Amino acid sequence: DDSLFLIPELVYDSLLYTWTGTGGYEAFVPLPPGIPASVIDTFGVFTLTVSNGFCASVPDSIQAIVQPTPVMPVITGDTLACEGGSFMLTTQTPQQSYTWIDPQGNSILTDNDTLVIPLADMSHAGTWIVIASENGCQSDTSGGFTMQIDTAIEISIVTTNQVCEGDSIYLS
């Protein structure tokens, strides 16, 4: 769970600090402990007043907006591709961006919910995961999605025969 930390620009031991905020929040120290985001709900205003015992400052406030955590994405898509072919993975979680992590631990950033690998190789075989992001907040990591890459079949035709135009060639 993330926390909000209230930090004044300057801290002097000789001054008294009074923080007030949403939900009856009060603190009387310059650097109060972090406030869990779950306590703030979705929006909060926190105000600081500083005094020297005789005079008080003009209060200063900050608005805190708690962004919701994106829904954990679920990967669907191709489960088998041929080496040299392409494959596509997708998640039906509409967010701002996605971090796809391949079986080797490499990250691929996209701004839509579909990842296309145009030229599959054996390093793409294994477990893929994805993390969705929205407004700077990350979802939980998806469950693993297993991708299998089949080895490309290589063939070659070898002949030592020369042919003339109009002759037939027999392959076996």
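Residues numbered from 1 in each chain as written. Predicted model: local features only at pLDDT ≥ 70, side-chain atom pairs only at ≥ 80, totals over all residues. Heavy atoms only, no water.

A separate point is the overall build of the chain. Within the chain one finds one helix and 15 strands. Relative to the compact-globule value of 16 Å for 172 residues, the chain shows a C-alpha radius of gyration of 30 Å, a clear excess of over 25%. Each principal axis of the C-alpha atoms in the chain carries an extent, and together these give about 110 × 25 × 25 Å. Within the span of the chain, comprising 172 residues, buried residues form 28% of the whole. Taking as baseline every contact in the chain between residues at least 6 positions apart, the subset at least 24 positions apart corresponds to 54%. For the chain, the exposed area adds up to about 11700 Å²; of that, 55% sits on carbon and sulfur atoms. (Helix = DSSP H or I, 4+ residues; strand = E, 2+ residues; numbered from the N terminus. Rg over C-alpha atoms; globule rule 2.2 N^0.38 Å. Buried < 20%, exposed > 50% of the residue type's maximum accessible area, 1.4 Å probe, protein only. Contact = heavy atoms within 4.5 Å. Areas by Shrake-Rupley, 256 points an atom, 1.4 Å probe, with all protein chains shown as cover.)

Turning our eyes to something else, we now look at the pairing of strand 2 (residues 16–21). Pairing analysis gives six bridges linking strand 2 to strand 5 (residues 43–51), with the strands arranged antiparallel. Note that in strand 5 the partner of T20 across the bridge is T47. Linking strand 2 back to strand 3 (residues 25–27) in an antiparallel pair, the connection comprises three residues, with G23 at a positive phi of about 75°. (Pairing = 2+ DSSP bridges.)

The next thing to look at is the sheet that holds strand 7 (residues 75–77). Reading across the sheet, the three strands line up as 7-9-12 and stay open at both edges, with antiparallel pairing between neighbours. Only two strands of the sheet have a single neighbouring strand rather than two, namely strand 7 and strand 12 (114–117). Adjacent strand axes in the sheet meet at a mean angle of 25°, parallel and antiparallel pairs treated alike. (Axes fitted to C-alpha atoms, helices over the stretch in contact; angles between N-to-C directions.)

Moving on, we come to the layout of surface pockets. Taken as a whole, the largest pocket encloses approximately 310 Å³ of empty space. Forming the boundary of the largest pocket are 13 residues, of which D2, A37, V66, Q67 and C137 lie nearest the centre. Put simply, the parts of the chain that give the lining of the largest pocket at least two residues each are strand 1 (3–4), helix 1 (37–40), strand 6 (60–65) and strand 14 (137–138). Taken together, the residues of the lining of the largest pocket sort by class into seven nonpolar, four polar and two charged. Its boundaries defined by the atoms lining it, the second largest pocket holds a volume of some 260 Å³. Looking at which element gives the most residues to the lining of the second largest pocket, the answer is strand 6, with three residues. (1 Å grid on protein atoms, 1.4 Å probe; cavity = no way out; pocket = protein on both sides within 12 Å on 5 of 7 lines; lining within 4 Å. Points joined across faces, edges and corners; volume = space filled by probe spheres on them. Nonpolar A, V, L, I, M, F, W, Y, C, P; charged D, E, K, R; others polar.)

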